[in-house]
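Chain and residue survey
So you can see what is in the structure, the chains are spelled out below.
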Amino acid sequence: MESAVEMYMRLSVVPASTLVGLANRCLFEPASRALDAEIYCGIHHIKDGNDLRTHALVVARRSGLVLILEPGLEGWVEVPPFTSDMKYAASLVPDGLYTISRDPRIACSTALTALAITNAPPTPYDFLNERRG
């Protein structure tokens with residue numbers, strides 16, 4: 001039997017890979033590292049080089065890893081947990097927009113919709129200094 005989420009995704013006219021599609025998925029899917037990876041690729045306009053051909057590659061995607069295959073830049077990136085950590089969800093919100101939700105999935109949805117409408121870049125989050133501190 002088809003779940004409500006599966007039915008919504010099947011009937012949705014918005015492609016799931018667009019920012020608005022990802023925003024919708026944030027509201028209907030549980031938080032996951034795989035969704036975080038898709039959000040990362042969407043906001044940076046990159047394609048995940050992971051072809052998911054082996055079990056290890058599927059596990060890598062489920063763990064929030066993205067394979068970057070851009071000229072001059074190749075390697076694995078661990079993406080932030082946008083859908084489960086409010087700090088990272090809030091980092092997606094463009095300047096001048098505020099969200100009152102404390103739910104990371106709702107904040108992600110709001111931010112991704114705003115990014116799609118305004119074409120504004122997300123606020124850069126200083127991940128390197130966070131790891132040092």
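Up top is the structure these notes are about.
Residues numbered from 1 in each chain as written. Predicted model: local features only at pLDDT ≥ 70, side-chain atom pairs only at ≥ 80, totals over all residues. Heavy atoms only, no water.

Some points on unusual backbone geometry
In this structure, His-45 takes a positive phi of about 55° despite not being glycine. Residue position: His-45 is located in the loop between α3 (33-44) and α4 (55-62). Phi angles above zero are rare outside glycine, and Leu-52 is one such case at about 60°. With respect to the secondary-structure elements, Leu-52 resides in the loop between α3 and α4. Judged by relative accessible area, Leu-52 falls into the partly exposed class, the value being 36%. (Helix = DSSP H or I, 4+ residues; strand = E, 2+ residues; numbered from the N terminus. Buried < 20%, exposed > 50% of the residue type's maximum accessible area, 1.4 Å probe, protein only.)

Topic: the side chain of Ser-101
Relative to the helices and strands, Ser-101 resides in the loop between α5 (86-90) and α6 (104-118). Residue Ser-101 is classed as buried on the basis of its relative accessible area, which comes to 16%. Contact partners of Ser-101, with chain neighbours within four places excluded, come to Met-86 and Ile-106. (Contact = heavy atoms within 4.5 Å.)

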